[in-house]
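Secondary and tertiary structure notes
Read off the chains here:
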Amino acid sequence: MIAISRQKAAERGVQIDFRIADVREPLPFNGAEFDLVFTATALHYVEDLPSLFREIARVTKTSGHFIASVLHPMSTAYFPTVETENRREPQYFGKPARSVETPWLDYGEVPAEGRRIVCHHHTIADYFDAIASAGLRVTNLCEPEPPAEYASQNSSRYEEAMRVPVYLILKVEHQT
């Protein structure tokens with residue numbers, strides 16, 4: 001994904017410093033270093049949300065913001081648990097690890113062992129509790145509908161996305 005990002009930045013003439021870090025570990029940045037922290041569909045890979053949000057609060061300036069697009073908990077509730085990889089019944093409550101096919105198959109070669117990935121389902125309350133425990137607060141929440149043009153591109157996925165929301169977008173800031 002970094003290679004794709006570098007290529008797209010170069011195509012657009014954008015100079016950017018890409019860094020790789022494990023969001024489950026302390027980030028390699030000073031405290032209060034960023035005006036904005038952003039993540040796209042990555043928080044379901046993190047089991048310990050409270051620690052992650054404390055780290056986000058640490059690296060974000062008091063006047064700064066954190067914006068996250070996450071896979072909607074109603075969507076991840078349908079992800080099969082590791083123990084029941086073929087089950088498609090939703091399980092909203094409970095914390096079993098989930099196993100899903102990697103969404104990156106269309107972006108290049110993915111070895112067989114990387115085709116299924118383990119992730120974690122978090123409820124909406126899990127997100128809000130972790131955010132509040134870090135001294136942050138949600139200032140905006142969005143559950144976007146799929147764009148209408150998606151219906152002609154992939155009608156079955158569009159219909160499914162109209163029944164079960166795919167994304168939840170959170171805007172968060174330090175409490176003052």
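Heads up: the structure comes first, above all this text.
Keep in mind it's a predicted model, so treat the numbers as computed, not measured.

Another point: a nonpolar patch on the surface. On the surface, a cluster of nonpolar side chains totalling about 230 Å² of accessible area is made up of Ile124, Phe128 and Leu141. Topologically, isoleucine 124 is positioned in helix α4 (residues 124-133).

In this sheet, strand β6 (residues 167-174) lies alongside strand β2 (residues 60-71) in antiparallel orientation, the contact comprising 7 bridges. From the neighbouring strand, serine 69 faces β6, where its bridge partner is isoleucine 169. Bridging between strand β5 (residues 136-142) and β6 involves 6 bridges; their strand directions are antiparallel. Opposite asparagine 140, over in β6, you have lysine 171 as the bridge partner.

What follows covers the side chain of histidine 72. For histidine 72, the position within the fold is in the loop between β2 and α3 (73-76). Separated by 2.6 Å, the side chains of histidine 72 and glutamate 143 make a polar contact. Beyond its immediate sequence surroundings of up to four residues, histidine 72 is in contact with Ile124, Glu143, Pro165, Val166, Tyr167 and Leu168.

The next subject is α4. Every buried residue belonging to α4 is among Tyr127, Ala130 and Ile131, and all of these are buried. Seen end-on, α4 carries its buried residues on one side only, within an arc spanning 100°. Check the buried side of α4 and you find it contacts α2 (49-59), β2, α3, β5 and β6. Glycine 135 lies just past α4 and shows a positive phi near 80°.

So, about the nonpolar core. Most often, soluble globular proteins have nonpolar side chains that are buried together. In terms of nonpolar packing, the biggest core is built from 21 residues, with Leu43, Leu49, Phe53, Phe66, Tyr127 and Leu136 touching the most fellow members. Listing elements by their share of this core, those giving two or more residues are α2, β2, α4 and β6. Ranked by residue count, the leading element in this core is α2, at 6 residues. Once residues lying within four places of it in the same chain are set aside, the contact partners of phenylalanine 66 are Val37, Phe38, Thr39, Leu43, Phe53, Ile56, Leu170, Lys171 and Val172. Core analysis: the second largest hydrophobic core is formed by 5 residues, Leu71, Phe79, Ile117 and Cys119 among them.

Cut-offs applied
Counting of residues starts from 1 at the beginning of each chain's written sequence and follows it residue by residue. Predicted model: local features are reported for residues with pLDDT of at least 70 only, side-chain atom pairs are reported and counted for 80 or more only, and whole-chain, interface and lining totals are derived from all residues. Just so you know, side-chain values use all the structure's heavy atoms and leave hydrogens and water out. A patch consists of residues exposed above 30% relative accessible area that lack any salt bridge, with like charges linked at up to 9 Å and nonpolar side chains (Val, Leu, Ile, Met, Phe, Trp, Tyr) linked at up to 5 Å. For every accessible area listed, the method is Shrake-Rupley and the probe measures 1.4 Å; residues are considered covered only by the protein chains on display. A pairing counts as a salt bridge when a side-chain nitrogen of Lys or Arg comes within 4 Å of a carboxyl oxygen of Asp or Glu. Secondary structure is summarised from DSSP: a helix means a run of H or I of at least four residues, a strand means a run of E of at least two, and numbering begins at the N terminus for each. One requirement defines pairing of two strands: DSSP has to find at least two bridges between them. Throughout this description, a polar contact denotes any pair of N or O atoms lying within 3.5 Å of each other; where both atoms belong to protein, one of them has to be capable of donating a hydrogen while the other can accept it, and for residues adjacent in sequence the pair is counted only when both atoms sit in side chains. Any two residues whose heavy atoms approach within 4.5 Å at even a single point are treated as in contact. Each residue's exposure class comes from its accessible area (1.4 Å probe, protein chains only) as a fraction of the maximum for that residue type: buried when under 20%, exposed when over 50%, partly exposed otherwise. The directions from the helix axis to the C-beta atoms form the arc being described. Throughout this description, the term nonpolar core refers to a set of buried Ala, Val, Leu, Ile, Met, Phe, Trp, Tyr and Cys residues connected via side-chain atoms within 4.5 Å.

Any functional reading would require information beyond the geometric quantities listed.
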